[in-house]
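Examination of the molecular architecture
The chain contents come next:
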Amino acid sequence: MEKKKFSVDLSKMSQEEITESVKQTKLLYKFNHTEPMTEEYNQILKELLDNNIGENSTITTPFSGTAFNHMKLGNNVFINSNCLAMARGGIIIEDDVMLAGNVQLLSNNHDEYNRQIITCEEILIKKGAWIGAGATILAGVTIGKYAIVGAGAIVTKDVPDYAVVVGTPAKVIKTLDKDKFPQ
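Scope of this entry: the structure provided in the associated data block.

What counts, and where the lines are drawn
Residues numbered from 1 in each chain as written. Predicted model: local features only at pLDDT ≥ 70, side-chain atom pairs only at ≥ 80, totals over all residues. Heavy atoms only, no water. 1 Å grid on protein atoms, 1.4 Å probe; cavity = no way out; pocket = protein on both sides within 12 Å on 5 of 7 lines; lining within 4 Å. Points joined across faces, edges and corners; volume = space filled by probe spheres on them. Helix = DSSP H or I, 4+ residues; strand = E, 2+ residues; numbered from the N terminus. Buried < 20%, exposed > 50% of the residue type's maximum accessible area, 1.4 Å probe, protein only. Contact = heavy atoms within 4.5 Å. Pairing = 2+ DSSP bridges. Core = buried A, V, L, I, M, F, W, Y, C linked by side-chain atoms within 4.5 Å.

1. Description of the layout of surface pockets
Estimated volume of the largest pocket: approximately 530 Å³. Forming the walls of the largest pocket are 23 residues, and the residues nearest its centre are Ser21, Thr66, Ala67, Arg88 and Ile118. When residues of the lining of the largest pocket are traced back to their parent elements, those giving at least two are helix 1 (15-32), strand 3 (63-66) and strand 10 (108-110). At 7 residues, helix 1 tops the list of elements feeding residues into the lining of the largest pocket.

2. Remarks on the environment of Gly89
Position of Gly89 among the secondary structure elements: in the loop between strand 6 (83-86) and strand 7 (91-93). Accessibility expressed as a relative area gives 9% for Gly89, which makes it buried. Apart from the residues lying within four places of it in its own chain, the contact partners of Gly89 are Phe6, Ser107, Asn108, Cys120, Glu121 and Glu122.

3. Section: the sheet that holds strand 12 (residues 123-125)
An order of 4-7-12-15 is seen for the 4 strands of this open sheet, with the pairing classed as parallel. Each of the sheet's edge strands pairs with one partner strand only, and the pair in question is strand 4 (71-73) and strand 15 (142-143). Where strand 4 and strand 7 come together, 3 bridges link them in parallel fashion. By the bridge assignment for strand 7, Lys72 is matched with Ile92.

4. Quick notes on the sheet that holds strand 8 (residues 98-99)
Ordered by their spatial adjacency, 7 strands build an open sheet running 2-5-8-13-16-18-19, and the pairing between neighbours is mixed. A single partner strand is all that each edge strand has here, and the edge strands are strand 2 (58-59) and strand 19 (171-175). Of the strand pairs in this sheet, strand 8 and strand 13 (residues 130-131) are connected by 2 bridges, and their pairing is parallel. In the sheet register, Met98 faces strand 13, and the bridge partner there is Trp130.

5. Brief notes about the nonpolar core
Core analysis: the biggest nonpolar cluster contains 40 residues, and Phe63, Met71, Ile93, Leu105 and Ile143 have the highest contact counts within it. Of all the secondary-structure elements, those providing two or more residues to this core are helix 1, helix 2 (39-48), strand 4, strand 6, strand 7, strand 12 and strand 18 (163-166). Looking at which element gives the most residues to this core, the answer is helix 2, with 4 residues. Residue contacts for Met71: discarding those within four places in its chain leaves Leu49, Asn52, Phe63, Ile79, Ala85, Ala87, Ile91 and Ile93.

That's the geometry; what it means functionally is another story.
What follows is the structure, given as structure tokens:
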């Protein structure tokens, strides 16, 4: 499947886009300063993600990034503290995914010649994947079903289903037995 790529010129944002950005910034501040695991906390998270969050999913604070209304979380997703989600290009996290602390999801980057232009490409993390502490997932990357990304890895290319990747840039070191996972 061809991945959707697009650019955004930040110097030409509409008033509606600016208003949404301000709203997101204020919601993020409120989320990071609300008592965790309360109804208020859960409601702010739902609003921050534009209701694109499945059942039994949570993000622990602190949380940072932009364009959270371009994120979609499935059911039973756990995102640990200090996650940076630059979501302008879109971030889709399917069911049963776990992200350890300090993970960076970077679906956008700045143009090399005009820093007011950001290039965007969706990140997809498939069912049951596990992203280790301090890992970075770059724009356009798909993490396969039940794959594992090792701590500190920088993922620049797609990761196959059931693969374990480590390093900078991340490389496959083994493939897990798919018969040991629920189908």
